[in-house]
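Commentary on secondary and tertiary structure
Listed here are the chains, written in short residue letters.
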Amino acid sequence: MSRIGNKPVSVPSDVSVDVSGATIKVKGAKGELSQSFERYYVDIKVESNEVLVERKGDTKPHRARHGLYRALVANMVEGCSKGFKKTLEITGVGYNAKAAGQKLTMNIGFCHPVEFEMPAGVKVETPTNTQIVLTGPDKQMIGQLAANIRGVRPPEPYKGKGIRYSDEVIRRKAGKAVGGK
């Protein structure tokens, strides 16, 4: 029995949820999101200020999608009301980043600057030249964009240089000089 799928998703007063056919649309202060779902597996209903996800069967795919769709709906509601934020930090001598509008330009040890064009709905900021902050309503898009930026120069274990998440811990390795004779 899905424990996540059985919990109702509470909807704040400033967010509106509309289910039509196999699509759910959520609109709030931070943006508007829509998600299609498979009606064969689940039913999504909006009652007063709650969204209920009910599965139509008890097979393994039904149970799996029950929790999945409830989590997706909860992320959509939270994203449209509060938004999501992901912070990246750049470590390395001469490494820096600069945001200008919807474009992020990074100098991270290559012979050329690396540029990222932000998709619609995602806001990028650089409070310092070694910190990148991504904000937006879509949790999946923010996470994937942060992973793509990190993937350009992932942190290496010997000096710790590279791009890392702000809450990520890099396990450092000892170099050759520390080893025995």
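Treat the numbers as computed from the prediction; the structure is a model and nothing was measured.

1. Some words on the pairing of strand S9 (residues 103-107)
- A one-sided burial pattern is seen for S9, the buried positions being Leu 104 and Met 106 and the unburied ones Lys 103, Thr 105 and Asn 107.
- Hairpin connection from strand S8 (residues 96-100) to S9: two residues lie between these consecutive antiparallel strands, with Gly 101 at a positive phi of about 70°.
- Bridging between S9 and strand S10 (residues 114-117) involves four bridges; their strand directions are antiparallel. When the bridges of S10 are listed, Met 106 appears paired with Val 114.
- Count of turn residues in the S9/S10 antiparallel hairpin: six residues, of which Gly 109 carries a positive phi of about 90°.

2. Examining the packing of aromatic side chains
- As enumerated under the stated definition, the model contains two aromatic pairs in all.
- The ring of Tyr 41 is capped by Arg 65, whose NZ or CZ atom sits 4.1 Å from the centre of that ring.
- The residue whose ring lies beneath Arg 153 is Phe 110, and the NZ or CZ to ring-centre distance is 4.4 Å.

3. Section: the environment of Val 93
- Looking at where Val 93 falls in the secondary structure, it is placed in the loop between strand S7 (84-91) and S8.
- The spatial distance from the C-alpha of Val 93 to the C-alpha of Arg 164 is 15 Å, given a sequence separation of 71 residues.

4. Section: the sheet that holds strand S2 (residues 16-20)
- Strand order across the open sheet formed by three strands is S2-S3-S4, with antiparallel pairing between neighbours. Of all strands in the sheet, those with a lone pairing partner are S2 and strand S4 (32-36), marking the two edges. Here the average twist between neighbouring strands, direction ignored, is 15°.
- Pairing between S2 and strand S3 (residues 23-27): five bridges, direction antiparallel. Across the sheet, the residue bridging to Asp 18 is Lys 25, located in S3.
- Packing of helix H2 (residues 60-81) onto the sheet brings it into contact with S2, S3 and S4, and relative to S4 it is tilted by some 170°.

5. As for helix H3 (residues 139-152)
- Taking 1.5 Å per residue, 14 residues should reach 20 Å; H3 reaches 21 Å between its end C-alpha atoms and fits that length.
- Taken as a whole, H3 has its buried residues at Ile 142, Leu 145, Ala 146 and Ile 149. Projected down its long axis, H3 carries its buried residues within an arc of 100°, all on one side.
- On its buried face, H3 sits against S7, S9, S10, strand S12 (131-136) and strand S13 (162-165).

6. Quick notes on the side chain of Glu 168
- As for its position among the elements, Glu 168 is in the segment after S13.
- There is a polar contact of 2.7 Å between the side chain of Glu 168 and the side chain of Arg 150.
- Among residues more than four places away in sequence, those in contact with Glu 168 are Arg 150 and Pro 155.

7. Thoughts on the pairing of S3
- Here S3 shows a buried face lined by Ile 24 and Val 26 and an unburied face lined by Thr 23, Lys 25 and Lys 27.
- Counting the residues in the hairpin turn of S2 and S3 gives two residues, including Gly 21, whose phi is positive at 65°.
- Note: S3 against S4, five bridges, orientation antiparallel. Directly across from Val 26, in S4, lies its bridge partner Leu 33.
- Count of turn residues in the S3/S4 antiparallel hairpin: four residues, of which Gly 31 carries a positive phi of about 155°.

8. Observations concerning the sheet that holds S9
- With antiparallel pairing, the three strands of this open sheet are ordered in space as S8-S9-S10. Each having just a single partner strand, S8 and S10 make up the two edges of the open sheet. This sheet shows a mean twist of 20° between the axes of neighbouring strands, independent of strand direction.
- Across the sheet, H3 lies against S9 and S10, angled at about 170° from S10, the strand it touches most.

About the cut-offs
Residues numbered from 1 in each chain as written. Predicted model: local features only at pLDDT ≥ 70, side-chain atom pairs only at ≥ 80, totals over all residues. Heavy atoms only, no water. Buried < 20%, exposed > 50% of the residue type's maximum accessible area, 1.4 Å probe, protein only. Helix = DSSP H or I, 4+ residues; strand = E, 2+ residues; numbered from the N terminus. Pairing = 2+ DSSP bridges. Phe/Tyr/Trp six-rings, centres within 6.5 Å; stacked < 30°, edge-to-face > 60°. Lys NZ or Arg CZ within 6 Å of the ring centre and 35° of its normal. Axes fitted to C-alpha atoms, helices over the stretch in contact; angles between N-to-C directions. Contact = heavy atoms within 4.5 Å. Expected span 1.5 Å × (residues − 1). Arc of directions from axis to C-beta. Polar contact = N/O pair within 3.5 Å; in protein donor to acceptor, adjacent residues only side chain to side chain.

Nothing here speaks to function; it is all geometry.
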